[in-house]
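Okay, here's what each chain looks like letter by letter:
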Amino acid sequence: MKALVLSGGMGTRLRPLTHSMAKQLVPVANKPVLVHCLENIRAIGVSEVGIIVGDHAAEIATAVGDGARLGLRITYIRQQAPLGLAHCVAIAEDFLGDDDFVMYLGDNVLVEGIGEAAESFVARRPAAQIMVTKVLDPRQYGVAEVGPDRVVRALVEKPRHPRSDLAVIGVYFFTPLIHEAVRAVPPGARGELEITDAIQHLVTQGRTVTAVEYAGYWQDTGKIDGLLECNRVLLDRVVSDVRGRVDEESVLGGAVIVEPGATVVRSRLTGPLVVGADTVVQDSRIGPHTALGAGCTVHGADIEDSILLDGAVLDGVRPVRASLIGRGAKVTSPPGTRAHQLVVGDDCRAVVA
């Protein structure tokens, strides 16, 4: 089996951050979302991975390389324009050949992994297998109508009147039959080749398509709220590991990770949280569910439930809540007591009054 990971797209819902970086490289719990995806793929024994890339191709290649560090062999496949998920399958056909494959949307985090779904696919080997989860408002998703035998009867994209509460999430398993289906369907209303249409074509042709319900934590990290929620869930699973320097005047409580080269001075850290390598925290309060990237500087600040990307500076800002601050950004503030919620892109300079 091979893997196809989709890491193109514009990431418009995460702007301004994604003006300068791929949305799949935004970190949760100090690890890029894309790496979480690749680790789940490696865990099911797949090592040959094709990554669909767009405008941020060079940045993704720099971050992931040839995959050796992750125990993978990676091939990059350029998509010139975001023409749909099925289009990604079409342009990857030479890479995929006659192999079965798992297709994984590179901005989806499935914390419990995809092992159970992979085992089900291998054991039954339907033409295609989708992963679904129950949602409160199915109208926002592709919806699967599934029989008691887990066979998919129909797929409908964002129906006005859903006949099921099972939303299709971003991991699919395919046999080579999907290539025939992709060639058979026309572009949808958005002018894109929809993978939902290709899978429905398999159903219409009498091919077996099955569904596996995912009961673990799943998040599409394409929005700020989703990123922060995912960061909280992952941090709730960490255990304390202090390898940096923490002075005697600092107080640590809960699960706190201080990575090598980091320094904590006269500060209170209440986990779960992580302080990245070579980051300096001084005269500050770092609250739960905060992830500070590598090489950050936090001075005289109070921050909680937030993500600082590598090299960010937070100076004198109190308090900061539910915020996302980009790489190399510098945020300062005169003394004040109002709470701040910030979304600051890479290399910005912001003064919060």
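Now for a look at the structure at hand.

Rules behind the numbers
Note that residues are indexed from 1 along each chain, following the sequence as it is written. Note on the predicted model: pLDDT of at least 70 is required for a residue's local features to be given, and 80 or more for side-chain atom pairs to be given and counted; whole-chain, interface and lining totals, by contrast, use all residues. Heavy atoms from the whole structure form the basis of all side-chain values; hydrogens and water molecules are not counted. Angular values range over 0 to 180 degrees, each being the angle between N-to-C directions of two axes fitted as lines to C-alpha atoms, with helices fitted over their stretch in contact. Under the scheme used here, helices are H or I runs from DSSP no shorter than 4 residues and strands are E runs no shorter than 2 residues, and both carry numbers assigned from the N terminus. When an angle is under 35 degrees it counts as roughly parallel; over 145 it counts as roughly antiparallel; between 65 and 115 it counts as roughly perpendicular; any other value is oblique. The sense of a crossing depends on the near helix, which, turned anticlockwise from the far helix by less than a right angle, makes the crossing left-handed and, turned clockwise, makes it right-handed. Whether two residues are in contact is decided by their heavy atoms: any pair within 4.5 Å suffices. Lys, Arg, Asp and Glu make up the charged group, whereas Ala, Val, Leu, Ile, Met, Phe, Trp, Tyr, Cys and Pro make up the nonpolar group; the residues left over, Gly among them, are polar. The pocket and cavity definitions rest on a 1 Å grid over protein atoms only: a 1.4 Å probe that fits but cannot leave marks a cavity, an open set with protein on both sides within 12 Å along at least five of seven lines marks a pocket, and residues lining either have an atom within 4 Å of a point. Grid points are joined across faces, edges and corners, and a volume is the space filled by probe spheres set on the points. With a 1.4 Å probe rolled over the protein chains alone, any residue whose accessible area is under 20% of its type maximum counts as buried; one over 50% counts as exposed, and the rest are partly exposed. Polar contact is defined as a pair of N or O atoms within 3.5 Å, subject to the rule that within protein one atom must be able to donate a hydrogen and the other to accept it, and that residues adjacent in sequence are counted only when both atoms are side-chain atoms. DSSP calls a pair of strands paired once it identifies at least 2 bridges connecting them. Pairing of aromatic rings covers Phe, Tyr and the six-membered ring of Trp, with a centre-to-centre limit of 6.5 Å; geometry is then stacked below 30 degrees between planes, edge-to-face above 60, and tilted otherwise. Criterion for a charge above a ring: Arg CZ or Lys NZ at most 6 Å from the ring centre, at most 35 degrees from the ring normal.

1. Considering the packing of helix 6 (residues 177-184) against helix 7 (residues 195-204)
The geometry of helix 6 relative to helix 7 is characterised by a closest axis approach of 8 Å and an angle of 115 degrees between their N-to-C directions. When the axes of helix 6 and helix 7 are compared, the pair comes out roughly perpendicular. Both helix 6 and helix 7 take part in a crossing whose hand is right-handed. Of helix 7, the residues touching helix 6 (which contributes Leu177, Ile178, Ala181, Val182 and Ala184) are Ile195, Ala198, His201 and Leu202. The residue inventory of the contact of helix 6 with helix 7, partitioned by class, reads eight nonpolar, one polar and no charged.

2. Section: the layout of surface pockets
Counted as a void, the second largest pocket has a volume near 270 Å³. Across the lining of the second largest pocket, the residue classes tally to nine nonpolar, three polar and four charged.

3. Concerning unusual backbone geometry
Cis geometry marks the peptide bond from Gly271 to Pro272; its omega dihedral reads 10 degrees. Relative to the helices and strands, Pro272 resides in the loop between strand 19 (268-270) and strand 20 (273-275). Phi at Arg266 is positive, roughly 45 degrees, even though this residue is not glycine. Within the secondary structure layout, Arg266 lies in the loop between strand 18 (263-265) and strand 19. A residue is classified by how much of its surface remains accessible, and Arg266, at 36% relative accessible area, is partly exposed. Residue Ala322 is not a glycine yet carries a positive backbone phi of 45 degrees. Within the fold, Ala322 resides in the loop between strand 28 (320-321) and strand 29 (324-325). Given a relative accessible area of 19%, Ala322 falls into the buried group.

4. Focus on the side chain of His87
Turning to its location among the elements, His87 is positioned in helix 3 (residues 85-91). Among the polar contacts listed, one links the side chain of His87 to the side chain of Gln79, at a separation of 2.9 Å. Non-local contacts of His87, meaning those with residues more than four positions away in its chain, are made with Gln79, Ala81 and Leu193.

5. Quick word on the pairing of strand 9 (residues 142-146)
Where a strand is regular, its side chains alternate between the two sheet faces. Counting buried positions along strand 9 yields four of five residues, so the element is predominantly enclosed. Direction of pairing for strand 9 relative to strand 10 (residues 152-157): antiparallel, over a ladder of five bridges. Bridge pairing in strand 10 places Val146 opposite Val152. Here strand 9 hands over to strand 10 after five residues, with Arg150 in that stretch at a positive phi of 70 degrees.

6. Description of the packing of aromatic side chains
Going through the model one piece at a time under the given rule, you end up with four aromatic pairs. Where Phe101 meets Phe174, the ring centres are 5.4 Å apart and the plane angle is 45 degrees; that geometry is what we call tilted. Of this pair, Phe101 sits in strand 6 (residues 101-105) while Phe174 sits in strand 11 (residues 166-174), and the two are 73 residues apart along the sequence. Note on accessibility: Phe101 and Phe174 belong to one class, buried. By the ring-pair criterion, three or more aromatic residues cluster together here, those being Phe101, Tyr172 and Phe174. When the ring centre of Phe95 is taken as reference, the NZ or CZ atom of Lys2 above it lies at 4.9 Å.

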